[in-house]
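Structural description and commentary
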Amino acid sequence: MKITEDIVYVGVNDREIDLFEGQYPVPNGMAYNSYAILDEHIAIFDTVDGRFGDVWLQNIKSTLGDKKPRYLIVQHMEPDHAAHIAKFMEMYPEATAVATAKAFCMMMQFFGTDFQGRQRVVKEGDTLSLGKHTLTFITAPMVHWPEVMVTYDTASKTLFSADAFGKFGALDTEEDWACEARRYYFGIVGKYGAQVQTLLKKVAALDVQTICPLHGPMLCENLSYYIGLYNTWSSYEPENEGIMIAYTSVYGNTKKAVLTLADKLTAAGCPKVTVTDLARDDMTEAVEDAFRYDRLVLATTTYNNDIFPFMRTFIDHLTERNFQKRKIGLIENGTWAPAAAKTMQKLLENSKNLTFCDTIVQIKSSVNEESNAALEKLARELLA
């Protein structure tokens, strides 16, 4: 697959995988992207997951014919992109690996060698001429590993963006980019918003016409849309107006309260209300929605003088990813000693710029006239 006249895709689609990184459901598979720049000196960008080495090397051979690559550009050392560095260097003994100093340290850890005598250590602003194409290397530490760099090709105005601008899903899947890119971002990169902001400022100084990520499709049109979303996500601003209600329910009474609240919000004209059962729905989708909308309601039962485990897990996922800048409503249920709201507030106490609604809805076993009135009051506060 040609991206430009001189840049060719040599990556692979993975339709065998069910959980990416052992935790993210990927019903439409994954793409492990790798690229070749065909010039006086040929450069290959990154390798692929360990299960697809033979396919990847055949893709390179089919693309290059009798020609040999001069450089292997290693932007990220996570094994889904770096598993075959040693195999590549053995197959092409005249090739040089190009990476940051930290990446070469990781190569020693993974492969028992850092390819002394065949390495080119690069740092911020260093360049490499391939002939017509000149590569400029831009460090991107903690987006989302410490050794990461991205690469800008001045000839084609292409940004090879490592894991930035990636998404779940194989390349032969037709689906909305933003949905799976958002889930990918907040699941994997979301903790590192400040570092993404730093990278975006560097990218803003470049004339980028194509973005080639390590996962997901190449982005060639309407780049302001994709960059704008990344700016929103990494600054932790809400993307859309709306209310997500995340709940757990043991015997259905908390669920009844949640559905009552959702009906009240919809009837009052809220543009978007989404309800998630944390025990049954995909947790990664729940995390995505919590970051997508500007308001969040947490509803759970008191459980062993704590909160129901799925709610604790959900809040842990949020705080781990620097959840902030949202309005929060709380609903607690307990038959003899409701304490869930206090626990949830405690778990969120270090999150920045959260505004809690004054009304905390307390249910003692089941919804009654008093708790229904509190739900009405909470709905008004959420919509204020």
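That block above? That's the structure.
Now for a quick tour of the structure.

The element strand 16 (residues 240–247) is extensively covered by neighbouring structure, given that 6 of its 8 residues are classed as buried. Pairing analysis gives 6 bridges linking strand 16 to strand 18 (residues 293–303), with the strands arranged parallel. When the sheet's bridge partners are listed, Ala246 is paired in strand 18 with Leu298. Summarising the sheet, strand 16 and strand 17 (residues 273–277) pair through 5 bridges and their orientation is parallel. In the sheet register, Ala246 faces strand 17, and the bridge partner there is Thr276. At this point the chain moves from strand 16, through helix 8 (residues 253–267), to the parallel strand 17, and the crossover so formed is right-handed.

For the structure on display, the rule yields 23 aromatic pairs. Ring geometry for Tyr35 against Phe160: centres 5.6 Å apart, planes inclined by 65 degrees, an arrangement best described as edge-to-face. Highlighted residues: Tyr35 in strand 6 (residues 35–37) and Phe160 in strand 14 (residues 158–160), separated in sequence by 125 residues. Note on Tyr35: relative accessible area 1%, which makes it buried. According to the relative accessible area criterion, Phe160 is buried, its value standing at 0%. Relative to Phe111, the ring of Phe110 has its centre 6.1 Å away and its plane inclined at 45 degrees; by these criteria the two rings are tilted.

Time to look at the side chain of Ser34. Within the secondary structure layout, Ser34 lies in the loop between strand 5 (30–32) and strand 6. Polar side-chain contacts of Ser34 include one of 2.8 Å to the backbone oxygen of Asp46. Apart from the residues within four sequence positions on either side, Ser34 is in contact with Val8, Tyr9, Val10, Gly11, Ile44, Phe45, Asp46, Thr47, Val48 and Trp56.

Here we come to the nonpolar core. One finds Phe20, Leu298 and Phe314 to be the most contacted residues of the largest nonpolar core, which totals 90 residues. Top element by residues in this core is helix 5 (residues 177–189). It accounts for 8 residues. Apart from residues lying up to four places away in sequence, Phe20 is in contact with Val26, Met30, Tyr32, Asp80, Phe168, Tyr184, Ile188 and His215.

Turning next to the sheet that holds strand 11 (residues 127–129). A sheet is described by the order of its strands in space; here 5 strands give the open sequence 11-12-13-14-15, paired in mixed fashion. The open sheet has two edge strands with one neighbour each: strand 11 and strand 15 (210–212). With direction set aside, neighbouring strand axes in the sheet form an average angle of 20 degrees. Sheet topology places strand 12 (residues 134–139) next to strand 13 (residues 149–153); 5 bridges connect them, and they run antiparallel. Bridge pairing in strand 13 links Thr136 to Tyr152.

What counts and how
Residues numbered from 1 in each chain as written. Predicted model: local features only at pLDDT ≥ 70, side-chain atom pairs only at ≥ 80, totals over all residues. Heavy atoms only, no water. Buried < 20%, exposed > 50% of the residue type's maximum accessible area, 1.4 Å probe, protein only. Helix = DSSP H or I, 4+ residues; strand = E, 2+ residues; numbered from the N terminus. Pairing = 2+ DSSP bridges. Right-handed = clockwise from strand over helix to strand, strands pointing away. Phe/Tyr/Trp six-rings, centres within 6.5 Å; stacked < 30°, edge-to-face > 60°. Polar contact = N/O pair within 3.5 Å; in protein donor to acceptor, adjacent residues only side chain to side chain. Contact = heavy atoms within 4.5 Å. Core = buried A, V, L, I, M, F, W, Y, C linked by side-chain atoms within 4.5 Å. Axes fitted to C-alpha atoms, helices over the stretch in contact; angles between N-to-C directions.

Taken by themselves, the reported measurements are silent on function.
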